[in-house]
Amino acid sequence: MDREPFDHLWIHARLATLDTKVSAPCGLLEDHALAVRGESIAAILPTNAPEVRAFRGAVTDCGGKFVTPGFIDCHTHLVWGGSRAADWESRLAGEPYTEIAKRGGGILSTVRATRAMTEDELLRAAFSRLRALVAEGVTCIEIKSGYGLTLDDERKMLRAARRVASECGIEVSPTLLAAHAVPPEFAGRADDYVTLICDEMIPAVASENLAEAVDVFCESIAFTPAQCDRIFTAAKKYRLAVKGHVEQLTNSHGAELIARHGGCSADHLEFLDDAGIAAIAKAGTVAVLLPSAFYFLREKQKPPVEKLRAAGVPMAVASDLNPGTSPFASLRLAMNMACVLYGLAPEEAFAGVTREAAKALGRSNRLGTLEAGKRGDFLVWDVAHLAEIVCQLGVNPLTERVVRGKSDNA
Ligand code: DI6
Ligand code: FE
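Since this is a predicted model, take the numbers as computed values, not measurements. (Residues numbered from 1 in each chain as written. Chains lettered and ligands numbered in written order. Predicted model: local features only at pLDDT ≥ 70, side-chain atom pairs only at ≥ 80, totals over all residues. Heavy atoms only, no water.)

(A) Inspection of the overall build of the chain at higher detail. Broken down by element type, the chain carries 16 helices and 16 strands. The C-alpha radius of gyration computed for the chain amounts to 21 Å, which stays within 12% of the reference 22 Å derived for 410 residues, consistent with globular compactness. Seen along its three principal axes, the alpha-carbon backbone of the chain occupies a region of about 70 × 40 × 40 Å. When the 410 residues of the chain are sorted by exposure, 59% land in the buried category. Distance between charge centroids for the chain: 2 Å, based on 45 positive and 52 negative side chains. (Helix = DSSP H or I, 4+ residues; strand = E, 2+ residues; numbered from the N terminus. Rg over C-alpha atoms; globule rule 2.2 N^0.38 Å. Buried < 20%, exposed > 50% of the residue type's maximum accessible area, 1.4 Å probe, protein only. Lys, Arg positive; Asp, Glu negative; His and termini not counted. Charge placed at Lys NZ, Arg CZ, Asp CG, Glu CD.)

Now the structure itself:
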């Protein structure tokens, strides 16, 4: 008996491959078939190709629907305890984010709530948020720690992050963000806390394989570039990737620091200057844009998108889902805001949550585009125009999710 070359074919699809080798916008291939074998994309062929017509196995007729790669949310703080709605009310009444942080609200109030919760409780709290992201197409997510700030509490967050992603059946990229805020027990002794991060937290997390990257909040209200430099040096010693929240509220030259360490991404970037752009362009560091935090903080200064584009810096878009500055469990909302507030073309927003987000997480070889050999993570959308996915919110046109070659419509 002849063995079929594929397990499953999706035919009559409008494939937005996001593959730069396909010259049409979004790498669009009209009336194509996507063939899956095992967990991977085995082939991309015109629907009328002989191999497609000869196939006798399982076939899904997409009837002209669009198919995109699975979305990758490459910057989230999905796991947290408590609520910051009261902070938000204070901000609406005129108190700045930085002032709230200085009086022990902000990140530190989430730290108190997160420390008080068990791993199971954190997992349950994160689950509904992740389900919302998954329902609109997220198939891979980066999740940071950063609300524990002790070795045990950071570990607890990272374990909850792994478990929640596995319960939702998606891939996780866990990141240690111990340098998110100086914890109260180290008040006035930030350098000592950095020593703890470098000498204890990074080695422990690396040896237990709990994180694949180390992130920092390099900012006037958080850690200095010199402190972040120490943290990155320690991270690299343990072969962890480095990235950072930089130039979000002020310009601290954190992006240059990340570039110097060969970091995978520089995130936020509202106050990025020309030297920072040149540095990340040269280093091949991805710029991760987080427009929903910009929106929610009512910031005025936008990241230099035109200059980043001109310099050829890959731009990813992420939700920054967190309780304080971006409590939005929607990557499509972030894409919409990247277009409306930052001036990205919808095509750039799609690339930002697929191809470029894969780059930011060091997963370009496996994820981010529809190409033979990449993983079978893709989404089927019932829209007449691809940009509809980004343009209209509140309605979910996602009709089928395929993860590792398996459809959830089966
Ligand atoms: N920048 C942010 O936007 C988030 N973390 C960071 O370093 C805010 C996190 C929070 O306010 O809880
Ligand atoms: Fe963030």
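(B) Main features of the site of ligand 1. By nearness alone, 14 residues border ligand 1, and Arg84, Tyr97, Tyr147, His180 and Thr325 come closest of all. Residue Asp320 places a side-chain N or O atom 3.3 Å away from an oxygen atom belonging to ligand 1. Most atoms of ligand 1, that is more than half of them, are within 2 Å of grid points of the largest cavity. Class assignment of the residues belonging to the shell around ligand 1 gives a composition of four nonpolar, eight polar and two charged. (Near = heavy atom within 4 Å. Polar contact = N/O pair within 3.5 Å; in protein donor to acceptor, adjacent residues only side chain to side chain. 1 Å grid on protein atoms, 1.4 Å probe; cavity = no way out; pocket = protein on both sides within 12 Å on 5 of 7 lines; lining within 4 Å. Sits in = over half its atoms within 2 Å of the grid points. Nonpolar A, V, L, I, M, F, W, Y, C, P; charged D, E, K, R; others polar.)

(C) Representation of the pairing of strand β10 (residues 241-246) in the model. Along β10, five of the six residues are buried, which leaves the element largely enclosed by surrounding structure. Relative to β10, strand β9 (residues 213-218) runs parallel, the two sharing four bridges. Pairing of Cys218 across the sheet is with Val246, part of β10. Regarding topology, helix α8 (residues 225-237) serves as the crossover connection from β9 to the parallel β10, and that connection is right-handed. When β10 meets strand β11 (residues 265-268), the two strands line up parallel, connected through four bridges. Its bridge partner being in β11, His245 is matched across the sheet by Asp267. (Pairing = 2+ DSSP bridges. Right-handed = clockwise from strand over helix to strand, strands pointing away.)

(D) Representation of the sheet that holds strand β13 (residues 315-317). Taken in spatial order, the eight strands make up an open sheet running β6-β7-β8-β9-β10-β11-β12-β13, and their pairing is parallel. Strands at the two margins of the open sheet, each flanked by one partner only, are β6 (71-73) and β13. In this sheet, neighbouring strand axes are inclined to one another by 25 degrees on average, regardless of whether the strands run parallel or antiparallel. (Axes fitted to C-alpha atoms, helices over the stretch in contact; angles between N-to-C directions.)

(E) Just the packing of helix α6 (residues 151-167) against helix α7 (residues 190-207), in detail. The N-to-C vectors of α6 and α7 enclose an angle of 30 degrees; their axes lie 10 Å apart at closest approach. Relative to α7, the element α6 is oriented roughly parallel. For the pair α6 and α7, the sense of crossing is right-handed. Residues Leu151, Glu154, Arg155 and Leu158 of α6 lie in contact with α7, whose contacting residues are Met201, Ala204 and Val205. When grouped by side-chain class, the residues that make up the contact of α6 with α7 number five nonpolar, no polar and two charged. (Parallel < 35°, antiparallel > 145°, perpendicular 65-115°, else oblique. Left-handed = near helix turned anticlockwise from the far one by under 90°. Contact = heavy atoms within 4.5 Å.)

(F) Fine view of empty space enclosed by the protein. In the structure shown here, the tally under the stated rule is two cavities of 30 Å³ or more. Its boundaries defined by the atoms lining it, the largest cavity holds a volume of some 110 Å³. Taken together, 14 residues make up the lining of the largest cavity; nearest its centre are Tyr97, Ile107, His180, Asn322 and Thr325. Per-class residue counts for the lining of the largest cavity are four nonpolar, eight polar and two charged. There is about 50 Å³ of room inside the second largest cavity. Around the second largest cavity, the lining residues are Pro69, Gly70, Ile72, Thr139, Arg366, Leu367, Gly368, Thr369, Lys374, Arg375 and Asp377. (Points joined across faces, edges and corners; volume = space filled by probe spheres on them.)

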